[in-house]
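A look at the structure
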Amino acid sequence: MTTPLADFRAGLVAVFPTVVAVIPFGLILGQQATVKGLTVAEILAMSSIVFAGSSQLIAVGLWSMPAPVAALALMALLVNLRHVLMGASLSGKIAHFGRLRYLAAYLMTDESWALSERRAVDKPVSRTFYFTVALSLFFFWQVSSVLGALFGAYLEHPETYGLDFTFPAIFIALALGFWKGARRTGPVLAASAVVAVAVHATVPGAWYVIAGALAGITAAVVTAPREVSAIAEETAP
Amino acid sequence: MTIDPVNFTAILAMGVLTYMTRILGFLIADRLPKSGPVRVALDALPPAVLVAVVAPIVLSGPIEAVAGLAVLLLALRLPLMATVVVGVGVAALLRLAFL
């Protein structure tokens with residue numbers, strides 16, 4: 001068993017690199033949003049109400065005055081559809097949260113989800129762990145997007161410092177944590193990567209994440225070991 | 001510190017739809033079976049999503065590909081934070097050298 005204090009510390013340790021990664025992302029978002037004419041209050045409203053980085057960055061790219069409400073809403077829906085799959089996977093691991101699950105869902109981002117899934121490989125995901133991770137990301141997302149809006153003029157070409165590579169680096173390292181051997185995980189990663197790259201190159205928008213994820217889980221089902229299939233047949237109605 | 005009503009409507013619409021995507025997975029998960037193909041699929045989901053997000057970024061150029069490979073190898077040995085710091089450093093150095 002773990003204590004709340006130990007879970008709090010584990011949450012801080014786990015979330016630290018992602019907070020470091022989120023800050024430049026939030027700074028860029030705030031800076032881009034002011035270029036489009038959004039006020040600091042509007043940027044804070046978006047970061048706290050939507051709280052989904054990639055959809056916010058794309059939204060700012062699409063923003064014009066007056067705001068194209070329907071296009072922005074539809075874009076957010078499509079870019080964030082991956083949350084449905086992520087939530088379905090995480091739900092059982094935080095079933096003991098009770099009603100706090102509704103708040104947990106509100107705070108679920110790619111980062112808090114990935115860190116919690118990674119935690120669930122080794123240990124149960126406690127409320128303390130989850131909310132330490134999720135609220136840290138929420139807090140620094142608000143702070144960095146507001147700071148980006150206030151001081152964005154001083155922030156030019158962050159890609160020079162390699163900072164845009166922080167997210168891919170975190171996700172690659174986290175993905176390896178789910179490795180369960182070449183036979184089980186190899187086909188999942190290969191199918192997901194190939195389909196995501198192909199769809200990304202041919203279809204506009206964020207469909208490549210959904211397509212790649214679906215290809216990966218299809219590969220998992222198709223290549224699943226026999227005993228798993230046997231259980232499936234027994235429990236089938 | 002002003003909020004334009006049309007801008008706020010757009011923000012609210014984005015927020016409501018985004019929350020729907022977040023809660024929907026939690027609500028349908030309770031009806032999903034605990035074993036069998038659906039379970040296998042859900043268990044494979046975390047690495048599948050992570051790789052789908054990352055693969056197009058890593059393959060977007062030679063520098064990203066080299067830095068991605070470096071991270072892959074480092075992650076087998078080093079803790080997360082060290083992997084990320086070195087990976088970002090590799091990306092920055094390659095860009096300084098070749099861009």
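Criteria and cut-off values
- Residues numbered from 1 in each chain as written.
- Chains lettered and ligands numbered in written order.
- Predicted model: local features only at pLDDT ≥ 70, side-chain atom pairs only at ≥ 80, totals over all residues.
- Heavy atoms only, no water.
- Axes fitted to C-alpha atoms, helices over the stretch in contact; angles between N-to-C directions.
- Helix = DSSP H or I, 4+ residues; strand = E, 2+ residues; numbered from the N terminus.
- Parallel < 35°, antiparallel > 145°, perpendicular 65-115°, else oblique.
- Left-handed = near helix turned anticlockwise from the far one by under 90°.
- Contact = heavy atoms within 4.5 Å.
- Patch = residues over 30% accessible without salt bridge, like charges linked within 9 Å, V, L, I, M, F, W, Y side chains within 5 Å.
- Areas by Shrake-Rupley, 256 points an atom, 1.4 Å probe, with all protein chains shown as cover.
- Salt bridge = Lys/Arg side-chain N within 4 Å of Asp/Glu carboxyl O.
- Buried < 20%, exposed > 50% of the residue type's maximum accessible area, 1.4 Å probe, protein only.
- Phe/Tyr/Trp six-rings, centres within 6.5 Å; stacked < 30°, edge-to-face > 60°.
- Buried area = accessible area lost by both parts, 1.4 Å probe.
- Polar contact = N/O pair within 3.5 Å; in protein donor to acceptor, adjacent residues only side chain to side chain.
- Domains from an automatic or database assignment.
- Core = buried A, V, L, I, M, F, W, Y, C linked by side-chain atoms within 4.5 Å.
- Nonpolar A, V, L, I, M, F, W, Y, C, P; charged D, E, K, R; others polar.

The N-to-C vectors of helix α7 (residues 110-122) of chain A and helix α2 (residues 37-58) of chain B enclose an angle of 140°; their axes lie 10 Å apart at closest approach. In terms of axis orientation, α7(A) runs oblique to α2(B). You can see that α7(A) and α2(B) cross each other, and the crossing is left-handed. From α7(A), A:W113, A:A114 and A:E117 reach across to α2(B), where they touch B:L45, B:P46, B:V49 and B:L50.

A few words now on a nonpolar patch on the surface. A surface patch of nonpolar side chains, about 590 Å² in accessible area, is lined by A:I23, A:F139, A:F140, A:V143, A:L147, A:L150 and A:F151. Per-element tally for the nonpolar patch: the top contributor is helix α8 (residues 127-151) of chain A, with six residues.

Judged by how many residues are buried, helix α9 (residues 166-176) of chain A sits mostly within the fold: 10 of 11 residues are covered. All of the buried residues along α9(A) are A:T166, A:F167, A:P168, A:A169, A:I170, A:F171, A:I172, A:A173, A:L174 and A:A175. Contacts made by the buried residues of α9(A) are with α1 (4-35) and α7 of chain A together with α2, α3 (62-75) and α4 (80-98) of chain B.

A few words on the packing of aromatic side chains. Residue and element names in this part refer to chain A. Following the criterion strictly, the structure yields seven aromatic pairs over all chains and no others. With centroids separated by 5.3 Å and ring planes inclined at 85°, the aromatic side chains of Y130 and F131 adopt a geometry described as edge-to-face. Just as Y130 is buried, F131 falls in that class too. Plain terms: the ring middles of F139 and F140 are 5.1 Å apart, the flat faces sit at 80° to each other, and that makes the pair edge-to-face. Residue classification places F140 among the partly exposed residues on the basis of a relative accessible area of 30%. The structure contains a cluster of three or more aromatic residues connected by ring pairs, namely F97, Y130 and F131.

Further remarks concern the interface of chain B and chain A. Contact with chain B, which involves 66 residues of that partner, is made by 85 residues of chain A. Carbon and sulfur atoms supply 81% of the area that chain B and chain A bury against each other, a total of about 6,500 Å² over both sides. Between chain B and chain A we count zero salt bridges in total. Where chain B touches chain A, the interface holds 16 residue pairs in polar contact (both at pLDDT 80 or more). Elements with a minimum of two residues in the side of chain B that touches chain A: α1 (5-29), α2, α3 and α4 of chain B.

Our next topic: the domain arrangement of chain A. All names here are of chain A. One can read the domain layout of chain A as domain 1 (4-178) and domain 2 (180-237). Each partner contributes residues to the interface: domain 1 has six residues there, and domain 2 has eight residues. Carbon and sulfur atoms make up 84% of the area that domain 1 and domain 2 hide from each other, which totals about 600 Å². Counting across the interface, domain 1 meets domain 2 through zero salt bridges.

Quick look at unusual backbone geometry now. Glycine aside, negative phi is the norm for most residues, and most peptide bonds take the trans geometry. Residues and elements named next belong to chain A. The step from M65 to P66 runs through a cis peptide bond, and the omega angle for that step is -5°. Residue position: P66 is located in the loop between α3 (53-62) and α4 (69-79). Look at F51: it is not a glycine, yet its phi comes out positive at around 50°. For F51, a relative accessible area of 4% translates into the label buried.

With that settled, consider the nonpolar core. With 90 residues, the main nonpolar core has A:M46, A:W63, A:W113, A:Y130, B:M14 and B:L50 as its most contacted residues. The greatest single-element share of this core, amounting to 14 residues, is contributed by α2(B). Residues contacting A:W113, with those up to four places away along its chain left out, are A:M86, A:L90, A:M108, B:L45, B:P46, B:V49 and B:L50.

All right, on to the packing of helix α11 (residues 207-222) of chain A against α2(B) then. Orientation of α11(A) relative to α2(B), taken along the N-to-C sense of each, is 140°, at an axis distance of 7 Å. The orientation of α11(A) relative to α2(B) falls into the category oblique. Note on packing geometry: the crossing formed by α11(A) with α2(B) is right-handed. Here A:Y208, A:V209, A:G212, A:A213, A:G216, A:I217, A:A220 and A:V221 of α11(A) come into contact with α2(B), specifically with B:P37, B:V40, B:A41, B:A44, B:L45, B:A48, B:V49, B:A52, B:V53 and B:P56. Per-class residue counts for the contact of α11(A) with α2(B) are 16 nonpolar, two polar and no charged.

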